[in-house]
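Structure at a glance
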Amino acid sequence: MMNNEEFMREAIKLSLNNINEGGGPFGAVIVKDGEIIARGANRVTANNDPTAHAEINAIREATKKLSTFDLSGCQIYSSCEPCPMCLGAIYWARLDKIYFANTKTDARDIDFDDSFIYEELEKPIEKRKIPTKQILREEAIAAFEKWRDKEDKIEY
């Protein structure tokens, strides 16, 4: 059975190999019951998809393989501290534990700087860089009310 360091070495290997395949220097694996069940590498530029981070790709593969959106009982090993998007996805997927190698400061030092997102989240909506305006809440709330009242919903 593999140990934490071996799982992390697999994530690091993915990050190194991905550079040669036209992707960014990030890799991730998801482990369940001591086995790697999913792998992901950063494919943002290769796929023209800003959400194709290593952790997101690994989560997508794991949920497909396990046929569930709930990855409780799994751990993720990422070659770098997850960005805000990936961290959010990890929480939504309910992974039990996060292991990472490089830090967000290491990423910033090679021009992968996500600090502006953390800063934006702290600002009031009206002071954020991307203009944001709430409209038609009175109409949109109907979907939330319908969901609230639905008796056979699958909660997530």
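Preceding block: the structure.
The present account deals with the structure reproduced in this document. Because the structure is predicted, anything quoted here is derived from the model rather than measured. (Residues numbered from 1 in each chain as written. Predicted model: local features only at pLDDT ≥ 70, side-chain atom pairs only at ≥ 80, totals over all residues. Heavy atoms only, no water.)

**Some words on a nonpolar patch on the surface**
Judged by side-chain polarity, Phe69, Trp147, Ile154 and Tyr156 come together as a nonpolar surface patch covering roughly 500 Å² of accessible area. Checked against the element boundaries, Trp147 lands in helix H7 (residues 137–149). For Trp147, a relative accessible area of 39% puts it in the partly exposed group. (Patch = residues over 30% accessible without salt bridge, like charges linked within 9 Å, V, L, I, M, F, W, Y side chains within 5 Å. Areas by Shrake-Rupley, 256 points an atom, 1.4 Å probe, with all protein chains shown as cover. Salt bridge = Lys/Arg side-chain N within 4 Å of Asp/Glu carboxyl O. Helix = DSSP H or I, 4+ residues; strand = E, 2+ residues; numbered from the N terminus. Buried < 20%, exposed > 50% of the residue type's maximum accessible area, 1.4 Å probe, protein only.)

**Focus: the pattern of salt bridges**
Under the definition given, this model contains 8 salt bridges. Between Asp49 and Arg60 there is a salt bridge, and its shortest N-O distance comes to 4.0 Å. Of this pair, Asp49 sits in the loop between helix H2 (44–47) and helix H3 (54–66) while Arg60 is found in helix H3, placing the two residues 11 residues apart along the sequence. Residue class for Asp49 comes out partly exposed when judged on its relative accessible area of 24%. Looking at Arg60, the relative accessible area reads 41%, which means it is partly exposed. Asp152 serves as the salt-bridge partner of Lys150, at 2.7 Å between the closest nitrogen and oxygen. Judged by relative accessible area, which is 38%, Lys150 ranks as partly exposed. When salt bridges that share partners are traced, they join Glu10, Lys13 and Arg39 into one network.

**Section: the environment of Gly22**
Examined against the element boundaries, Gly22 turns out to sit in the loop between helix H1 (4–20) and strand E1 (27–32). A residue is classified by how much of its surface remains accessible, and Gly22, at 41% relative accessible area, is partly exposed. Each C-alpha atom of the pair Gly22 and Arg43 lies 7.8 Å from the other, and the pair is 21 residues apart in sequence.

**Some details on the sheet that holds strand E2 (residues 35–41)**
Reading across the sheet, the 4 strands line up as E2-E1-E3-E4 and stay open at both edges, with mixed pairing between neighbours. Strands at the two margins of the open sheet, each flanked by one partner only, are E2 and strand E4 (97–102). On average, each strand axis in the sheet is inclined to that of its neighbour by 15 degrees, with strand direction left out of account. Pairing geometry for E1 and strand E3 (residues 74–80), over 5 bridges, is antiparallel. Within the sheet, the bridge partner assigned to Lys32 lies in E3 and is Cys74. (Pairing = 2+ DSSP bridges. Axes fitted to C-alpha atoms, helices over the stretch in contact; angles between N-to-C directions.)

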